[in-house]
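So you can see what is in the structure, the chains are spelled out below.
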Amino acid sequence: MMDEKKIEEAAFMHTHKNQTWNEKRDYTNAFKHGVEWFKINLWHDVSERPPRYDTYLVRTKQGCLDFCHFATEKWHSKDIGTVEKWLDLADIKPKGGK
């Protein structure tokens, strides 16, 4: 899991040694905000239909995570009708198969 410390270390690692402390702080804060934005925006509202028939990670209205198949314009899972948000696994896979 990405915790605050790991995000901060990654942000600081990408700063340059010739930057001032204020520039490093600003860069680190912007990086952290970008990570948070990305994590939030990976999730799609259930009113937005997935682009293809496939299996997605879903969050239910009860707050549970599950894998669910979307086909023939509806979600197929154990708890049909409770899907609140969905995440396309292709959005979180590394590029280039690594």
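Analysis parameters
Residues numbered from 1 in each chain as written. Predicted model: local features only at pLDDT ≥ 70, side-chain atom pairs only at ≥ 80, totals over all residues. Heavy atoms only, no water. Core = buried A, V, L, I, M, F, W, Y, C linked by side-chain atoms within 4.5 Å. Buried < 20%, exposed > 50% of the residue type's maximum accessible area, 1.4 Å probe, protein only. Contact = heavy atoms within 4.5 Å. Pairing = 2+ DSSP bridges. Helix = DSSP H or I, 4+ residues; strand = E, 2+ residues; numbered from the N terminus. Axes fitted to C-alpha atoms, helices over the stretch in contact; angles between N-to-C directions. Phe/Tyr/Trp six-rings, centres within 6.5 Å; stacked < 30°, edge-to-face > 60°. Salt bridge = Lys/Arg side-chain N within 4 Å of Asp/Glu carboxyl O.

Trainee: Before we go on, may I ask you to explain the nonpolar core in this structure?
Mentor: Across soluble globular proteins, you tend to see nonpolar side chains buried next to one another. With seven residues, the main nonpolar core is built from Tyr-56, Val-58, Cys-68, Phe-70, Trp-75, Val-83 and Trp-86. Discounting chain neighbours no more than four positions away, the residues touching Val-83 are Val-46, Val-58, Arg-59, Thr-60, Lys-61, Cys-68 and Trp-75.

Trainee: Can you help me understand the sheet that holds strand β4 (residues 74-76) in this one?
Mentor: Backbone-to-backbone hydrogen bonds join strands into a sheet, with any given pair of strands oriented parallel or antiparallel. Strand order in the open sheet formed by five strands is β1-β5-β2-β3-β4, and the pairing between neighbours is antiparallel. In the strand order of this sheet, the two ends are held by β1 (43-45) and β4, each with one partner. Strand-to-strand, the axes of this sheet are offset by a mean angle of 45°, without reference to chain direction. Where strand β3 (residues 65-71) lies against β4, three bridges are found, and the strand directions are antiparallel. Bridge pairing in β4 links Phe-70 to Trp-75.

Trainee: Would you mind going over the packing of aromatic side chains with me for this structure?
Mentor: When we look at a pair of aromatic rings, we describe it by the centre distance and by the angle of the planes. Overall, the coordinates contain two aromatic pairs when judged by the stated rule. Ring centres of Tyr-53 and Phe-70 lie 6.1 Å apart, and the angle between their planes is 55°; on these two criteria the pair is classed as tilted. You can see Tyr-53 sitting in the loop between β1 and β2 (54-60) and its partner Phe-70 sitting in strand β3, a full 17 residues away along the chain. For Phe-70, a relative accessible area of 1% puts it in the buried group.

Trainee: For this particular structure, what's the right way to read the pattern of salt bridges?
Mentor: Two side chains bearing opposite charge may form a pair once their charged atoms approach each other closely. Counted under the stated rule, the structure contains five salt bridges. Note that Arg-25 is salt-bridged to Asp-26, the shortest N-O span being 3.2 Å. Note that Lys-39 and Glu-36 form a salt bridge whose closest N and O atoms lie 3.3 Å from each other. In this pair, Lys-39 and Glu-36 both sit in helix α2 (residues 21-41), three residues apart, roughly one turn of the helix. By relative accessible area, Lys-39 is classed as partly exposed at 28%. Through salt bridges that share partners, Arg-52, Asp-54 and Asp-88 make up one connected network.

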